[in-house]
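Observations on chain architecture
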Amino acid sequence: MPRLAANLTMMYNEHPFLDRFAAAAKDGFKGVEFLFPYDHPAREIRSRLDANGLTQALFNGPPGDWQKGERGLASLPGREEEFKRSIDKALEYAAIIGNKTLHVMAGLIRPDQDRARHREVYIRNLAHAASVARSAGLTVVIEPINTRSIPGFFLNRQDEAHAVCAEVGAANLKVQMDLFHVQIVEGDIAMKMRQYLKDVGHMQVAGVPERHEPDTGEVHYPYLFALIDELGYAGWVGCEYHPAKGTSEGLGWARPWLR
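To keep things clear, this report deals only with the structure shown in the data block. (Residues numbered from 1 in each chain as written. Predicted model: local features only at pLDDT ≥ 70, side-chain atom pairs only at ≥ 80, totals over all residues. Heavy atoms only, no water.)

1. As for the nonpolar core
Applicable threshold: Buried residues of nine kinds, namely Ala, Val, Leu, Ile, Met, Phe, Trp, Tyr and Cys, make up a nonpolar core once their side-chain atoms join them within 4.5 Å. A 1.4 Å probe rolled over the protein chains alone gives each residue an accessible area, and that area as a share of the maximum for its type sets the label: buried under 20%, exposed over 50%, partly exposed in between. A run of H or I in DSSP becomes a helix once it reaches four residues, and a run of E becomes a strand once it reaches two; helices and strands are each numbered from the N terminus. Any pair of residues with heavy atoms lying within 4.5 Å of one another is described as a contacting pair.
Membership of the largest hydrophobic core comes to 83 residues, with the highest contact counts inside it found for Phe21, Phe29, Leu179, Met193 and Met203. At seven residues, the largest contribution of residues to this core is made by helix α3 (residues 80–97). Sequence-distant contacts of phenylalanine 21, defined by excluding residues within four places in its chain, comprise Leu8, Val32, Phe34, Ile45, Arg48, Leu49, Asn52, Leu54 and Gln56.

2. Details of unusual backbone geometry
Following valine 208, the chain continues into proline 209 via a peptide bond in cis, with omega recorded as 10°. Positionally, proline 209 belongs in the loop between β7 (200–205) and α8 (221–231). Phi angles above zero are rare outside glycine, and aspartate 188 is one such case at about 55°. With respect to the secondary-structure elements, aspartate 188 resides in the loop between α6 (179–185) and α7 (189–196). The phi dihedral of arginine 211 falls on the positive side, at around 65°, and the residue is not glycine. With respect to the element layout, arginine 211 can be found in the loop between β7 and α8. Taking relative accessible area as the criterion, arginine 211 reaches 13% and is therefore assigned buried.

3. Focus on the pattern of salt bridges
The condition that has to hold: Only one rule defines a salt bridge in this text: a Lys or Arg side-chain nitrogen within 4 Å of an Asp or Glu carboxyl oxygen.
What the rule picks out here adds up to 17 salt bridges. Ionic pairing is found between arginine 46 and aspartate 50, a salt bridge with its closest N-O pair at 3.0 Å. Taken as a pair, arginine 46 and aspartate 50 lie in helix α2 (residues 42–51) at a separation of four residues, close to a single helical turn. Two residues, arginine 119 and glutamate 167, come together in a salt bridge whose shortest N-O distance is 2.6 Å. With arginine 119 in helix α4 (residues 115–135) and glutamate 167 in helix α5 (residues 158–168), this pair connects stretches of sequence that are 48 residues apart. Here the residues in one salt-bridge network are Arg157, Asp159, Glu186 and Lys192, joined through shared partners.

Shown next, in the form of structure tokens:
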């Protein structure tokens with residue numbers, strides 16, 4: 001049975017961020033994820049997790065200047081030292097919060113920039129991140145993201161991501177498979193799952209194309225959830241979607257898996 005984690009960045013926006021933990025637990029979630037914890041003390045987040053019996057499934061490393069449009073540092077030439085500091089900060093938070101999976105965002109590339117150069121930097125930075133994360137007992141994940149959601153994002157396809165992981169060669173570097181992005185970029189989701197799920201460290205779901213609840217749109221998630229069980233994936237499945245109306249009111253699709 002898929003283990004669903006509420007994404008507290010997108011869900012429960014009816015509540016202040018630190019109150020979303022209790023709201024998710026009340027609805028039956030046992031795990032949560034979010035983009036970034038860095039606006040709050042790590043111990044405050046840990047206290048909310050503990051108070052509500054929740055597991056932190058995942059958060060992202062610092063992405064650069066988010067307000068100025070940056071979406072990760074890992075593939076950016078000239079930002080290597082900043083990237084290393086960002087990983088140190090993420091590991092400090094993870095040690096307190098208690099999660100074992102860290103998403104490292106690749107960053108953006110312009111059409112006039114050298115993709116091969118970005119890839120070289122990406123490989124080296126990921127090797128560093130995986131090495132220091134291994135010492136802390138963490139898995140690093142990288143996520144292919146569609147360029148409609150994030151124009152110019154460096155990593156877009158499952159095959160690209162798995163090739164990067166193979167080249168780095170670190171056992172604790174895996175792919176974050178967001179089925180929303182898979183459908184938009186590639187389609188053929190079930191076959192992609194059969195091909196790659198053994199090397200996936202985290203999954204996410206959302207309805208396509210509006211990114212609302214998974215029971216809306218063009219993807220039939222009950223079939224895919226059954227396939228998750230068939231393939232033996234035991235990790236978390238993050239619910240990274242924007243509720244169409246109220247978060248709790250829209251959870252009818254999830255009730256069978258939250259019981």
